Amino acid sequence: MTELSKHNIFIKLFLPVILGILGVVISIVLLKHLSIWLVTAISIITLVVYLITIKTVKDSEKLIYDRQFLYINSKRGNSKISLEHIRKFTVQKSNIRLLGFNIVTCTIEFLIEDKRIKSTIFWAFESSFEINDFENIINNNKSY
């Protein structure tokens, strides 16, 4: 079993954490003479970054696949989807670069038990071999 979305949380949290650290540093530099304002500013910035981090981790889905199934594990529950029920897997390049790597947005559309189409979205690095491997497995499992 291979994890498809292993960098999703890192990509989602990188910018808020960096901005939080910069906010704390700027608060220290600009407000170093006014200690009550410094404590207030650092506390607010730290609280906002903490809340964003908690929400991101709770809302993130962990996607794991093998040769027959895609497993979606999240706070809302776990799903097991046959790869034959996956209707569309798209990889869309974004203009975002993180630490020198291009970021792509991946969308998976699949059928659930009552024949409704559901989808999930995750971010990944463009050079991730898991995406190419998953795409090859999906194409090989298509029954036309």
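Just so you know, these numbers come straight off a predicted model, no measurement behind them. (Residues numbered from 1 in each chain as written. Predicted model: local features only at pLDDT ≥ 70, side-chain atom pairs only at ≥ 80, totals over all residues. Heavy atoms only, no water.)

Asker: In this structure, what is going on with the overall build of the protein? I would like to understand it.
Answerer: A count of helical and extended segments in the protein gives three helices and seven strands. Each helix and strand of the protein, placed in order from N terminus to C terminus, yields the pattern β-α-α-β-β-β-β-β-β-α. Computed over the C-alpha atoms, the radius of gyration of the protein is 20 Å, more than 25% above the 15 Å expected from 2.2 N^0.38 for a compact globule of 144 residues. Taken along its principal axes, the extent of the C-alpha atoms in the protein is 70 × 30 × 25 Å. Taking the intrachain contacts of the protein between residues at least 6 apart in sequence as the baseline, contacts between residues at least 24 apart amount to 49%. With the model as given, the accessible surface of the protein reaches about 9,700 Å², and the carbon-plus-sulfur share is 60%. Taken together, the 18 basic and 12 acidic charged side chains of the protein have centroids lying 6 Å from each other. (Helix = DSSP H or I, 4+ residues; strand = E, 2+ residues; numbered from the N terminus. Rg over C-alpha atoms; globule rule 2.2 N^0.38 Å. Contact = heavy atoms within 4.5 Å. Areas by Shrake-Rupley, 256 points an atom, 1.4 Å probe, with all protein chains shown as cover. Lys, Arg positive; Asp, Glu negative; His and termini not counted. Charge placed at Lys NZ, Arg CZ, Asp CG, Glu CD.)

Asker: Before we go on, may I ask you to explain the sheet that holds strand S4 (residues 77-82) in this structure?
Answerer: Where strands meet in a sheet, backbone hydrogen bonds hold them as pairs that are either parallel or antiparallel. With respect to topology, four strands assemble into an open sheet ordered S1-S2-S3-S4, the strand pairing being antiparallel. Looking at strand neighbours, the two that pair on one side only are strand S1 (2-3) and S4, the edges of this open sheet. Of the pairings in the sheet, the one linking strand S3 (residues 69-74) to S4 comprises six bridges and is antiparallel in character. When the sheet's bridge partners are listed, Leu70 is paired in S4 with Ile81. (Pairing = 2+ DSSP bridges.)

Asker: Looking at this structure, how should I read the pairing of strand S2 (residues 62-65)?
Answerer: Here is the key point about a regular strand: its side chains alternate between the two faces of the sheet. Where S1 lies against S2, two bridges are found, and the strand directions are antiparallel. Each bridged residue has a counterpart across the sheet, and for Thr2 the counterpart in S2 is Tyr65. Alignment of S2 against S3, held across four bridges, turns out to be antiparallel. Across the sheet, Ile64 pairs through a bridge with Tyr71, a residue of S3. Here S2 folds back onto S3 in antiparallel fashion, the turn holding three residues.

Asker: Just to check I follow, could you spell out the sheet that holds strand S6 (residues 101-111) for this structure?
Answerer: Reading across the sheet, the three strands line up as S5-S6-S7 and stay open at both edges, with antiparallel pairing between neighbours. Since the sheet does not close on itself, it has two edges, and those belong to strand S5 (86-98) and strand S7 (117-125), each with one partner. Sheet twist, expressed as the average angle between the axes of neighbouring strands with direction ignored, equals 20°. Bridging between S6 and S7 involves nine bridges; their strand directions are antiparallel. Residue Val104 lies in a different strand from S7, and its bridge partner there is Ala124. (Axes fitted to C-alpha atoms, helices over the stretch in contact; angles between N-to-C directions.)

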